[in-house]
Structure formats: C-alpha cells, structure tokens
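Structure at a glance
Each chain, written out:
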Amino acid sequence: MMEKPIYEKRICPECKKERSMWNDDKECFECRDKKRIAKLGKEVVEEGESYNEDEIICPWCGADYGTDDMQESTDCNCYECDKKFHVDIEYSASYSTSKLQAMQEIK
Ligand SMILES: [Zn+2]
Ligand SMILES: [Zn+2]
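Residues numbered from 1 in each chain as written. Chains lettered and ligands numbered in written order. Predicted model: local features only at pLDDT ≥ 70, side-chain atom pairs only at ≥ 80, totals over all residues.

Brief notes about the overall build of the protein chain
Helices and strands together make up the secondary structure of the protein chain, namely 1 helix and 4 strands. Radius of gyration (C-alpha) of the protein chain: 23 Å, far over the 13 Å computed for a compact globule of 107 residues. Here the C-alpha coordinates of the protein chain stretch approximately 80 × 50 × 25 Å along the principal axes. Burial statistics for the protein chain: of 107 residues in total, 8% are counted as buried. (Helix = DSSP H or I, 4+ residues; strand = E, 2+ residues; numbered from the N terminus. Rg over C-alpha atoms; globule rule 2.2 N^0.38 Å. Buried ≥ 20, exposed ≤ 12 C-beta atoms within 10 Å, placed from the backbone.)

Here it is as structure tokens:
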C-alpha cells in the first residue's frame, strides 16, 4: 500500500529553513526552483542565448535576471557579470473569435 502524501511544515534538508512540503519531498519548492534555474542558466551559457524561457537568463553568466518591470524588448547590463545582453519579450499568440453578421443573400 502506498503511503499517503502529507503536506506539512518541515525543515528543508537543503536550505535548513522551515517550509511547507510533501513528506516525500527532498527539498522545498524554493530550493527546487533554484536548482532548476541553475541548470537552465548552465544550458543558456552553453548555447550563448536563451529562447522562450519563463525567466530572463543572462547569456554570459547564466544569472537569473528576474522579469520585474520589463514591458518591452531592451538591452540590459547583467547585475552579476556587468556584460550587456539583449532581451526580446516574446508574447505567445492567443486567438479570439466572434461572429460576424451573416452576409445578406443576393437575390
Ligand atoms: Zn529549501
Ligand atoms: Zn551575466
């Protein structure tokens, strides 16, 4: 029989902070996210660019730049390595439809 998952406050073994986590989690969400971004950063540095990511990642050093107040494509200076990079904001397309008045039949 499977053990029932319990969501509870525990000390995260990674950051040693009390976090709400599942009883079979080895780390809290924050640690997992940090690892995910660290991994993503490594890939971005290897590629020299990032494409369609949720985070703005510096292509020079892999730092997570955050997305605060970024409304349009712009050039940035990385706060970590002080090198310049360009950010293009990609918006994913979504579609809306509505009925147009049916054309009148030509008699
Ligand atoms: Zn943690
Ligand atoms: Zn950087």
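On we go.
So, the pairing of strand 4 (residues 84-87)
Relative to strand 4, strand 3 (residues 74-77) runs antiparallel, the two sharing 4 bridges. Directly across from Asn77, in strand 4, lies its bridge partner Lys84. (Pairing = 2+ DSSP bridges.)

Regarding unusual backbone geometry
You will see that Lys16, though not glycine, has its phi angle at about 60°, which is positive. Locating Lys16 in the fold gives a position in the loop between strand 1 (7-11) and strand 2 (18-22).

Notes on the pairing of strand 2
Direction of pairing for strand 1 relative to strand 2: antiparallel, over a ladder of 5 bridges. Bridge pairing links Arg10 to Arg19 in strand 2. The turn joining strand 1 and strand 2, which pair antiparallel and follow one another in sequence, is formed by 6 residues; a positive phi near 60° is taken by Lys16.

Focus on helix 1 (residues 29-47)
Compared with the 27 Å implied by 1.5 Å per residue over 19 residues, the 27 Å span of helix 1 between its first and last C-alpha is a close match. One or two residues past the end of helix 1 sits Gly48, with phi positive at roughly 80°. (Expected span 1.5 Å × (residues − 1).)

Focus: the confidence of the model for the protein chain
For the protein chain, per-residue confidence averages 89 on the pLDDT scale, and 94% of positions sit at 70 or higher. Mean pLDDT per element in the protein chain: strand 3 is the minimum at 92, and helix 1 is the maximum at 95. (pLDDT = per-residue confidence, 0-100.)

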